[in-house]
Amino acid sequence: MQLGLQDKIALVTGGTSGIGLATADLLLGEGARVAICGRDAERLSAARAHLQARHPKAVLLAETCDVLDRDAVVRLHAQVQGWAGGLDLLINNAGQGRVSTFASTSDADWRAELELKFFSQINTINLFQPMLRMSSCAAIVAVNSLLAYQPETYMVATSAARAGVQSLVKSLAREFAPHIRVNSILLGIVASGQWERRFAKEAAPGQSYAAWIEAEAVKRAIPLQRFGLPEEAARAILFLGSPAASFITGASLEVSGGASRHI
Ligand code: NDP
């Protein structure tokens, strides 16, 4: 099966680490032109160097941008416009989860979490929607989580916000049809930057990262008995965002190693 991504123009927010970086890598491998952004300039330049080393002929734009800062997204929009003149695929991936129970989530935490989950979608969609409308194969992929349907008490704010994003995806799929397809992926646990950060905080002295994630997978009873890899999530993102998924909109694809229990 051909994905049909050759020469297409894609923007991956949070493309400097983990799933976003793996997605940019696969897109470049498919011959797409790729823009990535992240907040940290050093991570951005390391990601650019990594991608250029793997794809010497890459048509790549790497810009610092906090997707919660609307002015920064306006600037990113101008940069993408000047660089490629259009956009076929918007992958809203930037973000991270928040570990907190209801008791430990302050009002400010709630606001920050809701802002992150909603405005990491809303800001880019608002700004890039006109550009996407000019494409004949426009698509948006929201990187979301299984928590949307299967909330966890220890991630109460993230779970609630994730459910809201699923609702947003469904509404947008109808409002933007037939011009822009809008889908999401529902992730279980994928070994990425945010898990490396949790490892650094929580691991026992001397425990390796590999041993720690293996133990976490057992503790969480993931049927496929391991964490996912960033490229396994990226492959699902590429499919949903590609012309190969041309009749799919308002849908969600679960990438969780079988972790969901709802029907
Ligand atoms: P990483 O920490 O490896 O990557 C997160 C990326 O997002 C980085 O490039 C980071 O760069 C960027 N980012 C974070 N906040 C912003 C912001 N405000 N503006 C622009 N860029 C930002 O984690 P993952 O690859 O795991 O995360 C990718 C997405 O997948 C996230 O939305 C996450 O919540 C979601 N997800 C991941 C799961 C997992 O198990 N890994 C499970 C469920 C969902 P920088 O910090 O420099 O800005």
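Enquirer: Any details on the overall build of the chain? Residues and values, ideally.
Expert: Scanning the chain from N- to C-terminus turns up 8 helices and 7 strands. Going through the 263 residues of the chain one by one, you find that 49% of them count as buried. Of the contacts made within the chain by residues no fewer than 6 positions apart, 74% connect residues no fewer than 24 positions apart. As presented, the chain carries roughly 12700 Å² of accessible surface, and 54% of it is formed by carbon and sulfur atoms. Across the chain, the mean location of the 25 positive side-chain charges is 3 Å away from that of the 23 negative side-chain charges.

Enquirer: Which residues make up the nonpolar core, and what values go with them?
Expert: Counting residues in each nonpolar core, the largest one holds 31 residues, and the members touching the most others are L27, V34, I36, L89, I91, I185 and L187. The contacts of I91, once residues within four sequence positions are left out, are L11, V12, T13, T23, L27, V141, V143 and I237. In this structure, A35, F128, M131 and V169 belong to the second largest nonpolar core, which totals 28 residues.

Enquirer: For the sheet that holds strand β6 (residues 180-187), give the residues involved together with the corresponding values.
Expert: Taken in spatial order, the 7 strands of this open sheet run β3-β2-β1-β4-β5-β6-β7, and their pairing is parallel. Strand pairing shows two members of the sheet lacking a second neighbour, β3 (60-64) and β7 (252-255), which therefore form its edges. Recorded for the sheet is a direction-independent mean angle of 15° between the axes of neighbouring strands. Sheet analysis places strand β4 (residues 89-92) next to strand β5 (residues 138-145), joined by 4 bridges and oriented parallel. Within β5, the position partnered with I91 by the bridge is V141.

Enquirer: Tell me about the site of the ligand, and name the residues and values.
Expert: Residues in close proximity to the ligand total 29 residues, the closest being T16, S17, R39, R162 and S192. T16 has a polar side-chain atom sitting 2.6 Å from an oxygen atom of the ligand. Considered on its own, the ligand offers 880 Å² of accessible surface; in the complex 95% of this is hidden by protein. Listed by contribution, the elements that provide at least two residues to the shell around the ligand are α1 (18-29), β5 and α6 (193-202). It is α6 that contributes the most residues to the shell around the ligand, 4 residues altogether. Its residues assigned to classes, the shell around the ligand shows 9 nonpolar, 14 polar and 6 charged.

Enquirer: Just give me the short version of the packing of aromatic side chains, but keep the residues and values in it.
Expert: Counted under the stated rule, the structure contains 6 aromatic pairs. Positioned above the aromatic ring of F176, the side-chain terminus of R133 is 5.6 Å from the ring centre.

Enquirer: Could you give me a rundown of the side chain of S184, with the residues and numbers involved?
Expert: Following the sequence through the fold, S184 ends up in strand β6. Reaching out from S184, the side chain makes a polar contact with the side chain of Q166 at a distance of 2.9 Å. Residues within four places of S184 in sequence aside, it is in contact with A142, N144, Q166, V169, L240, A251, S252 and L253.

Enquirer: Requested: an account of the domain arrangement of the chain, with residues and values cited.
Expert: Segmenting the chain into domains produces domain 1 (9-190 + 229-255) and domain 2 (191-227). Look at where the C-alpha atoms of domain 1 and domain 2 centre, and you get two points 24 Å apart. With 11 residues of domain 1 at the interface, the matching set in domain 2 holds 10 residues. The contact between domain 1 and domain 2 buries some 910 Å² in all, and 46% of this surface belongs to carbon and sulfur atoms. On the domain 1 side of the interface with domain 2, the three residues burying the most area are Q96, I189 and V190, jointly 51% of the side's total. Our enumeration of links across domain 1 and domain 2 arrives at 5 residue pairs in polar contact (both at pLDDT 80 or more).

Enquirer: Please provide a residue-by-residue account of a positive patch on the surface, values included.
Expert: Taken together, the side chains of R39, R43, R197 and K201 make up a positively charged region of the molecular surface. Relative to the elements of secondary structure, K201 occurs in helix α6.

Definitions and limits used
Residues numbered from 1 in each chain as written. Predicted model: local features only at pLDDT ≥ 70, side-chain atom pairs only at ≥ 80, totals over all residues. Heavy atoms only, no water. Helix = DSSP H or I, 4+ residues; strand = E, 2+ residues; numbered from the N terminus. Buried < 20%, exposed > 50% of the residue type's maximum accessible area, 1.4 Å probe, protein only. Contact = heavy atoms within 4.5 Å. Areas by Shrake-Rupley, 256 points an atom, 1.4 Å probe, with all protein chains shown as cover. Lys, Arg positive; Asp, Glu negative; His and termini not counted. Charge placed at Lys NZ, Arg CZ, Asp CG, Glu CD. Core = buried A, V, L, I, M, F, W, Y, C linked by side-chain atoms within 4.5 Å. Pairing = 2+ DSSP bridges. Axes fitted to C-alpha atoms, helices over the stretch in contact; angles between N-to-C directions. Near = heavy atom within 4 Å. Polar contact = N/O pair within 3.5 Å; in protein donor to acceptor, adjacent residues only side chain to side chain. Nonpolar A, V, L, I, M, F, W, Y, C, P; charged D, E, K, R; others polar. Phe/Tyr/Trp six-rings, centres within 6.5 Å; stacked < 30°, edge-to-face > 60°. Lys NZ or Arg CZ within 6 Å of the ring centre and 35° of its normal. Domains from an automatic or database assignment. Buried area = accessible area lost by both parts, 1.4 Å probe. Patch = residues over 30% accessible without salt bridge, like charges linked within 9 Å, V, L, I, M, F, W, Y side chains within 5 Å. Salt bridge = Lys/Arg side-chain N within 4 Å of Asp/Glu carboxyl O.

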